[in-house]
Amino acid sequence: MMAESIMSKAATMEIPINSNGDTGTLAEDDSLEQDLQQVMVSGPNLNETSIVSGGYGGPAGGIIPTSSIKGPAIRFNPEYLEGRRGAASAPDIRMKSRGLTHSQSAASRMATYKDQQHPGITGNSALAAEEVSRGVAVEKLDSVKKWGINTYKCTKQMFSEKFGKGSRTVDLELEAQIEVLKETKIKYESVLRLATALTNHFHNMVQTQQALGDTFADLSQKSPELQDEFGYNAETQKLLCKNGESLLGAINFFVSSINTLVNKTMEDTLLTIKLYENARLEFDAYRTDVEELSQGPRDAVTVVRIEMATQEYQVHRDKFERLRSDVTIKLKFLEENKVKVMHKQLLLFHNAISAYFAGNQQQLEQTLIQFNVKLKPPGSDKPSWLEEQ
């Protein structure tokens with residue numbers, strides 16, 4: 001029945017023929033080709049059939065009898081193939097509606113054929129990408145899980161210590177040194193704040209003395225009757241201004257050294273102490289966990305949990321011991337560095353202040369040379385002409 005329907009469709013199909021004998025573009029060529037391919041497989045005989053070359057109801061002369069054709073329904077026709085090639089230059093209506101050309105359609109069919117011939121290539125790449133993304137997700141999930149467990153244990157240990165229900169590891173000697181360092185830092189910060197205020201006030205005084213000296217010198221030129229008096233005061237203010245700049249350089253050097261000691265050296269040691277305290281809390285949390293598990297029943301599940309908790313306890317114990325050693329070493333070096341730096345800076349501050357207020361300019365200059373204090377040239381703090389532009 002299927003073959004008969006196909007034959008009837010082929011028998012009634014119009015094939016327009018022009019004056020040159022070439023065929024035009026078929027409106028349903030794709031469906032007809034599929035039907036003809038099925039016919040080629042079944043191989044019926046086209047007995048009692050005819051092909052109408054004209055339109056429906058055309059003259060009888062356009063009917064080509066095919067009763068004498070035997071064998072397969074389709075044979076190779078080079079003229080028909082050349083006609084199809086000529087007609088292929090015009091775009092198909094269905095291709096236009098889809099936004100595709102014949103070459104694009106063929107390329108898509110070739111890609112589909114390639115995928116059908118080698119399905120394992122794209123499948124393996126997709127599977128590998130899926131495995132990688134799955135591994136990354138599992139790794140992130142494990143890290144979040146470990147962080148959550150560690151945070152829970154440390155929080156529990158911290159509240160237990162605050163309410164007096166838990167025990168904590170205490171190094172009395174080390175804890176005393178840490179408390180001394182914290183108190184020392186607070187006092188040194190106060191010294192730094194006061195020295196900075198002294199520097200600002202003294203800088204303003206030196207600027208005022210310089211302005212006052214310039215005013216006296218100007219009045220000495222414009223007031224002949226008071227020229228000597230204004231001149232003496234102008235020279236005195238200029239000398240005080242010069243000595244004040246020397247003292248200001250010594251105080252700035254003192255402030256800079258104290259600032260380095262407090263905000264860099266001590267701060268670095270306190271940061272290590274903070275890491276040590278966190279490690280101590282984690283160590284006590286996992287130690288308490290092992291002790292609680294050891295006091296419970298010893299079944300198979302509990303034994304496994306005790307072994308895992310013991311491994312975690314050993315890891316945090318090693319971390320705690322390492323950081324405690326680092327804190328001890330840093331505290332020792334900090335104390336030595338503090339004594340050395342403060343001995344030099346306090347001696348500089350005392351000698352500079354004493355020489356300035358005693359009016360001993362020579363001693364003040366020798367003090368600056370002794371402690372390698374370099375004064376900035378006048379106007380060095382002001383921006384250059386290029387920077388102002």
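Here the structure is a predicted model, which is why all the values come from computation and not from measurement.

Engineer: Lay out the nonpolar core with the relevant residues and their values.
Structural biologist: Formed by 44 residues in total, the largest nonpolar core has its most connected members in Ile178, Leu181, Ile273, Tyr276, Val327 and Leu331. Mapped by element, the contributors of at least two residues to this core are α7 (172-222), α8 (227-295), α9 (300-357) and α10 (361-370). The biggest single contributor to this core is α8, with 19 residues. Among residues more than four places away in sequence, those in contact with Ile273 are Ile178, Leu181, Val327 and Leu331.

Engineer: Can you tell me about the environment of Ala309, naming the residues and giving the values?
Structural biologist: With respect to the helices, strands and loops of the structure, Ala309 is situated in helix α9. Considering only alpha carbons, one finds Ala309 and Val290, 19 residues apart in sequence, at a separation of 5.9 Å. Beyond its immediate sequence surroundings of up to four residues, Ala309 is in contact with Asp289, Val290 and Leu293.

Engineer: Could you give me a rundown of the side chain of Arg287, with the residues and numbers involved?
Structural biologist: Structurally, Arg287 is set in helix α8. Non-local contacts of Arg287, meaning those with residues more than four positions away in its chain, are made with Ser167, Arg168, Thr169 and Tyr313.

Engineer: Any chance you could break down the side chain of Asp284 for me, citing the residues and the numbers?
Structural biologist: One can find Asp284 in helix α8. Among the polar contacts listed, one links the side chain of Asp284 to the side chain of Thr169, at a separation of 2.6 Å. Sequence-distant contacts of Asp284, that is, excluding residues within four places in its chain, are made with Gln157, Glu161, Ser167, Arg168 and Thr169.

Engineer: Residues and numbers for the pattern of salt bridges, please.
Structural biologist: Enumeration according to the criterion identifies 16 salt bridges in this entry. With a closest N to O distance of 3.2 Å, Glu291 and Arg287 form a salt bridge. Placement of both Glu291 and Arg287 in helix α8 is noted, with a separation of four residues, approximately one turn of the helix. Looking at Glu291, the relative accessible area reads 38%, which means it is partly exposed. A relative accessible area of 14% means that Arg287 is categorised as buried. Between Arg324 and Glu321 there is a salt bridge, with the nearest N and O atoms lying 2.6 Å from each other. Within this pair, Arg324 and its partner Glu321 are both found in helix α9, separated by three residues, close to a single helical turn.

Engineer: Quick rundown of the packing of aromatic side chains? Include the residues and the values.
Structural biologist: Per the stated rule, a full pass over the model turns up eight aromatic pairs. A ring pair is formed by Tyr276 and Phe320, whose centres lie 5.5 Å apart and whose planes are at 20°; its orientation type is stacked. In this pair, Tyr276 is assigned in helix α8 and Phe320 in helix α9, connecting sequence segments 44 residues apart. Each member of the pair, Tyr276 together with Phe320, is buried. Taking the centre distance of 5.5 Å and the plane angle of 25° together, the rings of Phe283 and Tyr313 count as stacked. Within this pair, whereas Phe283 is found in helix α8, its partner Tyr313 is found in helix α9, the two being separated by 30 residues in sequence. Judged on exposure class, the residue Phe283 and its partner Tyr313 are both buried. A network of ring pairs unites the aromatic residues Tyr276, Phe283, Tyr313 and Phe320 as a single cluster.

Engineer: Could you give an account of the packing of α8 against α10, with specific residues and numbers?
Structural biologist: Remark: α8 packs on α10, axes separated minimally by 10 Å, with the N-to-C direction vectors making an angle of 25°. In terms of their interaxial angle, α8 and α10 are classed as roughly parallel. In terms of crossing hand, the pair formed by α8 and α10 is left-handed. Residues Leu239, Lys242, Asn243, Ser246, Leu247 and Ala250 of α8 lie in contact with α10, whose contacting residues are Gln361, Leu364 and Leu368. A per-class count over the contact of α8 with α10 returns five nonpolar, three polar and one charged.

Engineer: Mind laying out the packing of α7 against α8, listing which residues take part and the relevant values?
Structural biologist: Interhelical geometry of α7 versus α8 gives an angle of 160° and a closest axis separation of 7 Å. Classified by the angle their axes make, α7 and α8 are roughly antiparallel. Relative to α8, the crossing made by α7 is left-handed. Its residues assigned to classes, the contact of α7 with α8 shows 30 nonpolar, 17 polar and nine charged.

Engineer: Requested: an account of the environment of Tyr152, with residues and values cited.
Structural biologist: Residue position: Tyr152 is located in helix α6 (residues 119-162). What makes Tyr152 exposed here is its relative accessible area of 55%. Along the backbone, Tyr152 and Ala285 are 133 residues apart, and their C-alpha atoms lie at a distance of 9.4 Å.

Engineer: Which residues make up the environment of Val262, and what values go with them?
Structural biologist: Assignment of secondary structure puts Val262 in helix α8. Given the relative accessible area of 0%, Val262 is considered buried. On a C-alpha basis, the gap between Val262 and Tyr188 in space is 6.8 Å, while along the polypeptide they are 74 residues apart. Excluding residues within four positions of it along the chain, Val262 makes contact with Lys185, Tyr188, Glu189 and Glu267.

Engineer: If you had to explain unusual backbone geometry to someone new, which residues and values would you point to?
Structural biologist: The backbone of Asn372 shows a phi angle near 55°, a positive value even though the residue is not glycine. The topology assignment puts Asn372 in the loop between α10 and α11 (385-388). Take Asn372: its relative accessible area is 60%, and that puts it in the exposed class.

How each quantity is defined
Along each chain, residue indices are assigned from 1 in the same order as the chain's sequence is written. Residues qualify for local features only when their pLDDT is at least 70, as the model is predicted, and side-chain atom pairs are given and counted only at 80 or more; totals for whole chains, interfaces and linings, by contrast, use all residues. To obtain the side-chain values, all non-hydrogen atoms of the structure were included, while hydrogens and water were left out. Residues grouped as a nonpolar core are buried Ala, Val, Leu, Ile, Met, Phe, Trp, Tyr and Cys residues, joined through side-chain atoms within 4.5 Å. Throughout, exposure labels follow a simple rule: accessible area from a 1.4 Å probe, protein chains only, divided by the maximum for the residue type, with under 20% read as buried, over 50% as exposed, and the rest as partly exposed. Secondary structure elements follow DSSP: runs of H or I no shorter than four residues count as helices, runs of E no shorter than two count as strands, and numbering proceeds from the N terminus. Any two residues whose heavy atoms approach within 4.5 Å are treated as being in contact. Under the rule applied, a polar contact is a pair of N or O atoms within 3.5 Å (in protein, one hydrogen donor and one hydrogen acceptor; residues adjacent in sequence only if both atoms are side-chain atoms). What counts as a salt bridge is simple: a side-chain nitrogen of Lys or Arg found within 4 Å of a carboxyl oxygen of Asp or Glu. Stacked, tilted and edge-to-face are the three classes assigned to paired rings of Phe, Tyr and Trp, where Trp is represented by its six-membered ring and a pair needs centres within 6.5 Å; plane angles under 30 degrees give stacked, over 60 edge-to-face, the rest tilted. Every axis corresponds to a line fitted to the C-alpha atoms, with the helix fit spanning only the stretch in contact, and the corresponding angles, defined between N-to-C directions, vary from 0 to 180 degrees. Our angle categories are set so that under 35 degrees counts as roughly parallel, over 145 as roughly antiparallel, 65 to 115 as roughly perpendicular, and the remainder as oblique. Working rule for handedness: look at the near helix, and if it is turned counterclockwise from the far one by less than a right angle, call the crossing left-handed; if clockwise, right-handed. Throughout this entry, Asp, Glu, Lys and Arg are counted as charged residues, while Ala, Val, Leu, Ile, Met, Phe, Trp, Tyr, Cys and Pro are counted as nonpolar. The remaining residues, Gly among them, count as polar.

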